[in-house]
Amino acid sequence: MNRSFHKSQTLRFYSCSAVEVKSKFGAEFRRFSLDRQKPGKFEDFYQLVVHTHHIANTEVTIGYADVHGDLLPINNDDNFCKAVSSANPLLRVFIQKREEAEHGLATGSLSRRRKALALREEGPRRRPHLHIGLPHDFRPVSSIIDVDILPETHRRVRLYRHGCQKPLGFYIRDGTSVRVAPQGLEKVPGIFISRLVPGGLAESTGLLAVDDEVLEVNGIEVAGKTLDQVTDMMIANSHNLIVTVKPANQRNNVLRGGRASGSSGRSSDSVASRHSLPAPAPLGLHPDDMESDEEPDVVLEGALEPRPLPRPPGSLTRINGAGPASGLSGLGREGSVLRLLSSLRSDPRHSLALPPGGVEEHGPAVTL
Amino acid sequence: MRRFLRSGHDPSRERLKRDLFQFNKTVEHGFPHQPSALGYSPSLRLLAIGTRSGAVKLYGAPGVEFMGLHRENNAVVQVCFLPGQCQLITLLDDNSLHLWSLKVKGGVSELQEDESFTLRGPPGAAPSATQITVVLPHSSCKMLYLGTESGNVFAVQVPGFRALEDRAISSDAVLQRLPEEARQRRVFEMVEALQEHPRDPNQVLIGYSRGLIVVWDLRGSRVLCHFLSSQQLDSVCWQRDGRLIVSCHSDGSYCQWAVSADTQPLEPVRSCVPYGPFPCKAITKIFWLTTKQGLPFTIFQGGMPRASYGDRHCISVVHNGQQTAFDFTSRVIDFTVLSEVDPAAAFDDPCALVVLAEEELVVIDLQTAGWPQVQPPYLASLHCSAITCSHHVSNIPLKLWERIIAAGSCQNTHFSPMEWPIDGGTSLAPTPPQRDLLLTGHEDGTVRFWDASGVCLRLLYKLSTVHVFFTDSDPSEHLGAQGEDEWPPLRKVGSFDPYSDDPRLGIQKIFLCKYSGYLAVAGTAGQVLVLELNDEAAEHSVEQAEADLLQEQEGYRWKGHERLCARPGPVRFEPGFQPFVLVQCQPPAVVTSLALHSEWRLVAFGTSHGFGLFDHQQRRQVFVKCTLHPSDQLALEGPLSRVKSLKKSLRQSFRRIRRSRVSSRKRRPAGPAGETQEGGARAERAGLQNMELAPVQRKIEARTAEDSFTGFVRTLYFADTYLRDSSRHCPSLWAGTNGGTVYAFALRVPPAERRADEPVRAEQAKEIQLMHRAPVVGILVLDGRGVPLPEPLEVAHDLSKSPDMQGGHQLLVVSEEQFKVFTLPKVSAKLKLKLTALEGSRVRRVSAAHFGSCRAEDYGEHHLAVLTNLGDIQVVSLPLLKPQVRYSCIRREDVSGIASCVFTRHGQGFYLISPSEFERFSLSTKWLVEPRCLVDSAETKNHSRPRNGSGPEKGWGRAREEPRHRDGARPAQRRAGPEGDPEHAGGGPPELWRLAFSASGHEDAPELLSLSLLPQWSERAACPGRAVNTHY
């Protein structure tokens, strides 16, 4: 049995009132503690952080890694309290210079994740100029994509489930839809959204509604497929689900030509293709297409006895697709940390397999 | 850029694919589901069976098989051959007649439907006027006489199906020509029997249901004589010389009537109720057959005492003071007696009784004393006890094959030594290039070994695991054998026995090592037996061990069945596979996966709780591993907890009803009291209606670790590979679960000289959690050349190239949704194919297979054969995971068919099309097992000539003469093949022949075991909802 599975070890500290804080700026670490019951004000915490890191004259943003491995901002009293109270058991704090944090273009998933790190200014450090752009301190849960290539009556919705503990939360059903055919109108079987689970991801996006007709799942047309096939396709793509729907309510459609009423405009991940409906990136069309569109599998190399052969100074635990373990020793750039964290997020077992803090620390059996 | 290069656009690869893959459904093995009619052609020596789904199947000599399917999905009510012709007529229950013929095309015969016909009455006539009850093909082969419910007999010309009105024999015409007294007593009603005079084609016997029998002169259109019985008529038989008529009746009696032109008998010569004096059931069919010894055979169906034996399905044979009532295991559809063919012969001299029962075909030898059964070479009842799993082993070494056959022959001593009497046609199929075994596990704890090499699926050996355990019912095998003076003299015949003593005995997994003769069998109550082939009967005790799969978990209660109780002390075992180790899993849940490594002497087994490894040489458990997720209550409590979930779902559905009612009420505006009530009722109705109309909906939710049955072990696999470092390979055990987890254990197996003393050690080396969490259905290790590792002992027996241990090994994990290749020893993902995300289909069965090319003798490729939940069969290439071809094979609704599918190592496969039939298919161009046979009326003449010459005294007695005239020549002809026999070869493709002989020695890694079958398979088809008319 791999010792890393024993949960008790990491939960032992829960009862203590002191919260251990590990703060990181660049390649530097600082450790201090906070009172779990009375964490105090954000202002004080900010001062404490800049003081301990000796960066008092730099504007910084502060973030922390939550239990799911997501990087969330600390910029007011409320989220500061939340951060302290949810520390399990260590509160890992990441500090970035503000200029760095606001750099970066929304070009890919990596940068989108980095966006989450960018923290909005608050309170005393008010900026003079008006900042217009993508919202910074929210994690995207959904987006309308490919507006420029789809017919106006259709909507392509991307649901980001990664790291989100919310269920996807919708049901689909069989039905008939009316199409215009050369011989006039004809009824064809179709797949429709039949129910949204209250509080689920699908409902919270507001982009999907009951009786919307599902036309595609991740670029594959559903016409001619059974309800069970479409169900299986959606579940197989649930980590990054892109559904193209024809909304039942056609009044809220995104209109082209700058009069966009939708919240998100053009998206960069649209690719022109041969499909009748332009498809998003041809996901998984080829077996050798090892894209980072998917959460990697977790491989545990467990052994109770010391190995007879000297092993590389690598690791016992490794995440597929996260690159060679040796490359992680120099964790200078935030990007790789974040990628690592995010790759672990949705694995509910990771809290068992990887004790929090195990990323940098030398845990009992697991190192990275 | 690479991703835009689509596979399959390379023309040379496309050409190669055509040489490698081809999909065919080749032959149906087993017993036809729901047979409804039987026909026999004495001249062609072919048996015809019609089914309720409209299929017609012809069987002759082993290997001679034809199948035809009516366009209409109607039951076949009657099948009859046109005398002496390669043609047959079928009557369906929609009253349509169909003419089929066997035509020779390219050297082989094919069964095809020529034309169909529906008898039309005059306008305004009742439908019953033309409802056909009996079909009589006239010996001239130009006419069909059709008896109807109205009592009229119509004449139809064949071929062409032209109704000849002037030849019809109307009931009025018969009535007019009857003497006064007969005319008054009877109305005609329907025609029950229609027979041609055995010697005079101008006389026809017509039996009406109310008891009147007339002999009609076709030429003179007059009644030659008539017989009146006091009872309802069921059937009539005309003695061979035409001088005696035997009629059987609804009260269980039969009467003999003397036929003579001058005297008109008023009373029968003899009337008898064989099982009287108490009320008896009807005798529905009777045969009266003469022998040269003088005493006739009387063979009749039914007639049993109504009160005490009315529920039996019996056929009685009476001859020379001997009487036996053969008691069949299922309803008798029809029967016939094989007797002398030559119409000029003086006696019938019956040779065999052929009985088509609902669930099996029984043939009884009437020439050997004691009337033993003849073992049929085909039409085996696969479902004697419901099939619960199957396992295919290709290319069995001759030594093992012979030992299994020897063990099986000890079990078949009660069968008659008679050669199979139905031997029409010539099989042109080449001798199978290799010996294949299909093993089926059954609900009653037996494993049957079938010869699956050729067209005929033949039972070789039957293994029972029951003796190892105490079961509720004590073996009362002599229940059927009654004393000499018992009346009626019942004798049980047939093997169909769907009633299992104990459902826990059911076999779920089978694994046979063809080189060592070790067999592992696992069952419903967590029992795992390891057996060894022994040619002698032996008495020994079975070593027992318990595997506690819940070791670390506590506080769980198993609510399922108890484990089986093993017999202590020595048990006597027949020659054959004898168990020596019994491992019982605790909790005793169904064994869901099994693997045996005969070289390392290890057996691995898995259930819904975990898996274990057992060393069957030292009889020691190596380790167990619990795979349960702590929150998975459902798996912990066992199958009984489903009751709870049913309760829960019922409660939920009631809540839903209530909610819909409440909400519909709420919507109604308040009004006068009466109106509200009425409106409420209406709304309620509407609510109910809505609920009924509510379409099926499916929840879209990602899988989580908390889902039920994630710990269910789906697959186990042994491999000698680089598990830990790339310099040394070591034995390893791989296990895959329903939750998408793969565990790898490194094993240390001591070298052979210390194997008996040093313990086998195992330690967990790796654990892979697939992020998509789909059930793992297959694990395979590919060697440096991308070829699956060979089976244990395969290399030692020089039957396979040794694996490439130089290049890097790769691990292939197949989940229900994806194929994924990882590198070894460092497990990092290399390639994948996301099947479900692309097509919405899921992998149900996967197996590595070798595909030989039909063009180049020595060229072949290893690929994966995949069956999806939509019933599609795909070939996915190794090691690059490119989809090659796709064929739709099984209907997606046919869940049990999909669950039963098993692949062979050479791109063939089997699946159940009914509880009793396997369909065989082939994906390969090279390995085709299909019937190729020739039935020729010319050939028939050749056959019947010498028989005529030999005279009546030889007759059917030849059955035991060795060798027979034509059988002596036939095996030689078969060996020679079409090249040696140009007459039969015709235009047949000669390359198919050559290639089929070139057995390739390549073998793949162990096949993946089949899943347990669904419970609906055990559903019995004993629902005679519709009476099937089985009269001639």
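Rules of the game
Residues numbered from 1 in each chain as written. Chains lettered and ligands numbered in written order. Predicted model: local features only at pLDDT ≥ 70, side-chain atom pairs only at ≥ 80, totals over all residues. Heavy atoms only, no water. Helix = DSSP H or I, 4+ residues; strand = E, 2+ residues; numbered from the N terminus. Buried < 20%, exposed > 50% of the residue type's maximum accessible area, 1.4 Å probe, protein only. Contact = heavy atoms within 4.5 Å. UniProt positions renumbered as here; feature names shortened; annotations may be inferred. Pairing = 2+ DSSP bridges. Axes fitted to C-alpha atoms, helices over the stretch in contact; angles between N-to-C directions. Domains from an automatic or database assignment. Buried area = accessible area lost by both parts, 1.4 Å probe. Salt bridge = Lys/Arg side-chain N within 4 Å of Asp/Glu carboxyl O. Polar contact = N/O pair within 3.5 Å; in protein donor to acceptor, adjacent residues only side chain to side chain.

**A look at the overall build of chain B**
Next, step 1: Each helix and strand counted, chain B has 14 helices and 65 strands in total.
Next, step 2: Looking at chain B residue by residue over its 1032 residues, the buried ones come to 59%.
Next, step 3: Taking all contacts inside chain B whose residues are at least 6 apart in sequence as the whole, residues at least 24 apart take part in 61%.

**Describing the UniProt feature "domain: Lethal giant larvae homologue" (unreviewed entry) in chain B**
Next, step 1: When the UniProt feature table is mapped to this numbering, "domain: Lethal giant larvae homologue" (unreviewed entry) covers residues 273-372 of chain B.
Next, step 2: The straight-line gap between the two end C-alpha atoms of residues 273-372 of chain B is 26 Å; of that span, 4% is helix and 45% is strand.

**Re the pairing of strand β18 (residues 233-238) of chain B**
Next, step 1: A large share of β18 of chain B lies buried, amounting to six of its six residues.
Next, step 2: Counted between consecutive antiparallel strands, the loop separating β18 of chain B from strand β19 (residues 244-249) of chain B contains five residues, among which Gly 242 of chain B sits at a positive phi close to 80°.

**Overview of the UniProt feature "domain: PB1" (unreviewed entry) in chain A**
Next, step 1: Per the UniProt record, "domain: PB1" (unreviewed entry) is annotated on residues 18-98 of chain A.
Next, step 2: This span, residues 18-98 of chain A, is 26% helix and 42% strand, and a straight line between its end C-alpha atoms measures 29 Å.

**Some remarks on the sheet that holds strand β21 (residues 270-272) of chain B**
Neighbouring strands of a sheet are bound in pairs by backbone hydrogen bonds; such pairs are parallel or else antiparallel.
Residue and element names in this part refer to chain B.
Next, step 1: Strands sit in the order β18-β19-β20-β21 across an open sheet of four strands; the sheet is antiparallel. For this open sheet the edge positions go to β18 and β21, each flanked by a neighbour on one side alone. Going across the sheet, the axis of each strand differs from the next one's by a mean of 15°, ignoring polarity.
Next, step 2: As paired strands, β19 and strand β20 (residues 254-258) are joined by five bridges and run antiparallel to one another. Residue pairing in the sheet places Cys 248 in a bridge with Tyr 254 of β20.

**A word on the sheet that holds strand β32 (residues 437-442) of chain B**
Residues and elements named next belong to chain B.
Next, step 1: Read from one edge to the other, the open sheet built from four strands follows the order β30-β32-β33-β34, with strand pairing classed as antiparallel. Across the chains shown, the open sheet's two edge strands, defined by having one partner strand only, are β30 (387-393) and β34 (458-464). With strand direction ignored, the average angle separating the axes of adjacent strands in the sheet is 20°.
Next, step 2: Here strand β33 (residues 446-451) runs beside β34; their pairing, made up of six bridges, is antiparallel. Looking at the pairing, Arg 448 lines up with Lys 462 of β34.

**Describing the domain arrangement of chain B**
Residue and element names in this part refer to chain B.
Next, step 1: Partitioning chain B into domains gives domain 1 (437-473 + 486-634) and domain 2 (727-933).
Next, step 2: Each of domain 1 and domain 2 has a C-alpha centre, and these two points are 24 Å apart.
Next, step 3: Across the boundary between the two partners, domain 1 contributes 28 residues, which contact 31 residues of domain 2.
Next, step 4: Taking both sides of the interface into account, the surface hidden between domain 1 and domain 2 amounts to around 2300 Å²; carbon and sulfur atoms contribute 71%.
Next, step 5: On the domain 1 side of the contact with domain 2, Tyr 515, Trp 600 and Gln 618 bury the most area, a combined 27% of that side's loss.
Next, step 6: Counting the contacts that link domain 1 with domain 2 gives two salt bridges.

**Considering the environment of Ile 55 of chain A**
All names here are of chain A.
Next, step 1: Take Ile 55: it is sitting in the loop between α2 (42-52) and β3 (60-65).
Next, step 2: Residues Ile 55 and Phe 25, spaced 30 residues apart in sequence, show a C-alpha to C-alpha distance of 9.5 Å.
Next, step 3: Each residue touching Ile 55, except ones within four places of it in the same chain, is listed here: Phe 25, Val 50, Val 60 and Ile 95.

**What to know about the pairing of strand β54 (residues 776-782) of chain B**
All names here are of chain B.
Next, step 1: Of all seven residues making up β54, seven are buried, and the element is well covered by its neighbours.
Next, step 2: In this structure, β54 lies alongside strand β55 (residues 810-815), joined through six bridges in antiparallel fashion. Paired with Gly 778 across the strands is Val 814, a residue of β55.

**With respect to the side chain of His 98 of chain B**
Residues and elements named next belong to chain B.
Next, step 1: Residue position: His 98 is located in strand β8 (residues 96-105).
Next, step 2: One polar contact links His 98 to Ser 96, side chain to side chain, over a distance of 2.8 Å.
Next, step 3: A distance of 2.7 Å separates polar atoms of two side chains, one belonging to His 98 and the other to Glu 113.

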